[in-house]
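Fold and contact review
For reference, the chains in residue letters:
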Amino acid sequence: MLRRVTRFLRSVPHAGLAVVLLASACGGQQTQTKPKQATNTKTEATEPEDDGPALGPLTLTLPDAPASAWVGQRGNYVDTLSGIWGLDKLVIAVGGSGTILRSEDAGINWTRQASPKDAWLRCVWGSGPDDIYVVGGNAIMHSTDGGITWSPQKVPITGTFFMAVWGSGRDDVYVVGGDGNILNTTDGGKTWTKDNSGVVGTLYDVWGSGADDIYVVGQASKDGAPIVLQSKIGGHLWAKLPVDSLDSPLRQIDGASVDYLYAVSAKGTVYESNDRAASWKSIGSFDGDELLGIRVVGRGDLYVVGRNQQFQHTTDGGKTWKDELNWPHGAAGIQGIWGKGPTELFLVGEGTLEAGQKGSLVRRR
C-alpha cells in the first residue's frame, strides 16, 4: 500500500541564485553534537503540518509549492539522509540503512529504490543519468538507468568506509574514505585502482576543477590534524599541502573556479583559497558547529550547512551572512545540500520533530 506524507515549511521569499558548478555534497561525520542556544537572528518559519502517516517502503510525495517557499519532510519516514545530487529533473538522495530515494519530476514525487547494500550511504554523484555512483559503508554502487537499479562495484580493498565520490567525467572518477584510501576508475567503473595517498586518516571529500586539478580533504588518525591533498596529474600522485591556516579538519570542499576554492571545517569555519589550497582565509564562523556541506553558486556566493541546523548564505564573499531557515525544534544536522538553476535548492539531514524520528528532505524552487 502506498503511503503519502504532506508537510510544509515556509520562509520569506529571497533573491534567486545563479547557476552552480556540478558538485558533490558529501562531507561530515556521523556523530551528533549537543544542542546549543542559537545566537544568530533567524528567518521565521512555520511548524510543518502533518496530513498523513509516515513514509512506507514505496513512495513519498511533496507538494509543488509556490516559488521561494520551502516544502518538505522532517520526520519519521526514512533514516537520516546524507547526500543529494541531481541532473535536470532527476534527483537522488541517499542515507542510512541503504536508503536511496529517487525523483524524476524535480523533487515532487519520490520512490525508494532497492539497494543491494544495507550500508550508510554517504554521497551520490554522476556524470549523467546513465552514469551515477553512490558510496558509503564499504560499498560503491553504480547505476546506468537513471538510478532505478544499482550494481555493486568490485573494489581492491575491504573494510573501508567510503565517504565521497566525484569525477571530472565518465572515465575519471574518484572515491575517498577511511584509512587514507583513494580509489580511481578510468573505464566507467569496470575496474578500480588504489592511489597512494601518503596519509593515514579519514578522507571526507574530493573535488576538482578538472582532471588535472583535484583536491582531497580529511583528518589524520593519529592526532586529528587536517589533511589537504592535491593532484595535478590525473590523481595518481598526491601531494600534501600546508594546513597551518586551518583551525580544524575540512569536511567538504568546492570551487567557483580553479582560482577560488571554498571549504567548511569541523569547528564551523568557512574558508576561501585563491592560491589553489596553498593557504586559506576565514570568511565566516558559526558558533563552533561542525559544518557538513557547501554549495558554491559562484565567486563569493555560497551556502553552508551543518550541525544545529546551520544554514547560512553569503553573496559578498563572507562580509555578511544570512541565516536562510529557522527550523523550530531540535539540534539535528543538515548533512547535504544541492541545487540547480536560479532558485532551486534541496537540503537533506537528520529529523528534528521528536525523539527517534529520522530523516529530513526539503526543497525550494
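From a predicted model like this one, the values you see are computed outputs, not experimental measurements. (Residues numbered from 1 in each chain as written. Predicted model: local features only at pLDDT ≥ 70, side-chain atom pairs only at ≥ 80, totals over all residues. Heavy atoms only, no water.)

With that settled, the discussion passes to the overall build of the chain. The helix and strand tally for the chain stands at 0 helices and 29 strands. Burial statistics for the chain: of 365 residues in total, 61% are counted as buried. In the chain, the proportion of contacts linking residues at least 24 apart, taken out of those at least 6 apart, comes to 54%. Summed over its atoms, the accessible surface of the chain is roughly 13700 Å², and 51% of this surface lies on carbon and sulfur atoms. (Helix = DSSP H or I, 4+ residues; strand = E, 2+ residues; numbered from the N terminus. Buried < 20%, exposed > 50% of the residue type's maximum accessible area, 1.4 Å probe, protein only. Contact = heavy atoms within 4.5 Å. Areas by Shrake-Rupley, 256 points an atom, 1.4 Å probe, with all protein chains shown as cover.)

Backbone geometry places serine 97, a non-glycine residue, at a positive phi of 60°. Assignment of secondary structure puts serine 97 in the loop between strand S4 (90–95) and strand S5 (100–103). With a phi angle near 70°, alanine 277 is a residue other than glycine that sits in the positive phi range. When its relative accessible area of 0% is taken as the criterion, alanine 277 is described as buried.

This part takes up the pairing of strand S7 (residues 121–128). Each regular strand displays side chains that alternate between the two surfaces of the sheet. For S7, the buried fraction is high: 7 of the 8 residues fall into the buried class. Sheet topology note: the S7/strand S8 (residues 131–136) ladder contains 6 bridges and is antiparallel. For glycine 128, the partnering residue across the bridge sits in S8 and is aspartate 131. Connecting S7 to the antiparallel partner S8 that follows it, the hairpin turn spans 2 residues. (Pairing = 2+ DSSP bridges.)

Turning our eyes to something else, we now look at the environment of lysine 222. Summarising the element assignment, lysine 222 is placed in the loop between strand S16 (213–220) and strand S17 (226–231). With a relative accessible area of 85%, lysine 222 lands in the exposed category. Between the alpha carbons of lysine 222 and valine 200 there is a distance of 7.9 Å; along the sequence they are 22 residues apart.

Once that is clear, we can look at the sheet that holds strand S10 (residues 151–152). As a general point, the strands of a sheet are linked pairwise by backbone hydrogen bonds and lie either parallel or antiparallel. The 4 strands lie next to each other as S7-S8-S9-S10, forming an open sheet whose pairing is antiparallel. On the outer flanks of this sheet lie S7 and S10, each paired with one strand and no other. By the bridge criterion, 5 bridges tie S8 to strand S9 (residues 139–143) in an arrangement that is antiparallel. When the bridges of S9 are listed, glycine 136 appears paired with alanine 139.

Here we come to the confidence of the model for the chain. Detailed conclusions should not be drawn from predicted coordinates in areas where pLDDT is low. Mean pLDDT over the chain works out to 83, with 79% of the residues at or above the 70 mark. A low-confidence stretch, residues 1–24 stays under pLDDT 50, and its non-local contacts, those more than four residues away or across chains, total 111 contacts. Scored below 50 in pLDDT, residues 27–56 shows 94 contacts in the model against residues more than four places distant or in partner chains. (pLDDT = per-residue confidence, 0-100.)

Enumeration over the complete set of coordinates arrives at 11 salt bridges. For the salt bridge of arginine 364 with glutamate 324, the shortest nitrogen-to-oxygen distance reads 3.8 Å. One end of the pair, arginine 364, is in strand S29 (residues 360–364); the other, glutamate 324, is in the loop between strand S26 (322–323) and strand S27 (334–340), and 40 residues separate them in sequence. Here arginine 364 and glutamate 324 have matching classes, each one buried. The network of salt bridges with common partners includes Arg251, Glu290, Arg307 and Glu350. (Salt bridge = Lys/Arg side-chain N within 4 Å of Asp/Glu carboxyl O.)

Below, the discussion takes up the sheet that holds strand S14 (residues 193–195). As summarised here, the arrangement of the 4 strands in space is S11-S12-S13-S14, forming an open sheet in which the pairing is antiparallel. Each of the sheet's edge strands pairs with one partner strand only, and the pair in question is strand S11 (162–169) and S14. Strand-to-strand twist of the sheet, defined as the mean angle between neighbouring strand axes without regard to direction, takes the value 25°. As paired strands, S11 and strand S12 (residues 172–177) are joined by 6 bridges and run antiparallel to one another. (Axes fitted to C-alpha atoms, helices over the stretch in contact; angles between N-to-C directions.)

All chains considered together, the criterion is met by 7 aromatic pairs. An angle of 80° between the planes, with centres 5.7 Å apart, marks the rings of tryptophan 70 and phenylalanine 311 as edge-to-face. Of this pair, tryptophan 70 sits in strand S2 (residues 70–74) while phenylalanine 311 sits in strand S25 (residues 311–314), placing them 241 residues apart in sequence. Classification of tryptophan 70 by relative accessible area gives buried; the value is 0%. The class for phenylalanine 311 is buried, based on a relative accessible area of 0%. Every member of this aromatic cluster is reached through a ring pair, and the members are Trp70, Tyr303 and Phe311. A cation over an aromatic ring shows up here: arginine 251 above the ring of tyrosine 204, its NZ or CZ 4.2 Å from the ring centre. (Phe/Tyr/Trp six-rings, centres within 6.5 Å; stacked < 30°, edge-to-face > 60°. Lys NZ or Arg CZ within 6 Å of the ring centre and 35° of its normal.)

Below, the discussion takes up the environment of arginine 299. When you line up the elements, arginine 299 lands in the loop between strand S23 (291–298) and strand S24 (301–306). Counting along the chain gives 18 residues from arginine 299 to glycine 317, while the straight-line C-alpha distance between them is 7.3 Å. Setting aside residues up to four positions removed in sequence, arginine 299 forms contacts with Ala256, Tyr260 and Tyr262. Engagement of the side chain of arginine 299 in a polar contact is seen with the side chain of tyrosine 260, the distance being 2.8 Å. (Polar contact = N/O pair within 3.5 Å; in protein donor to acceptor, adjacent residues only side chain to side chain.)

With respect to the helices, strands and loops of the structure, serine 231 is situated in strand S17. A distance of 3.4 Å separates a polar atom in the side chain of serine 231 from the backbone oxygen of leucine 237. Residues within four places of serine 231 in sequence aside, it is in contact with Asp212, Asp213, Ile214, His236, Leu237 and Trp238.

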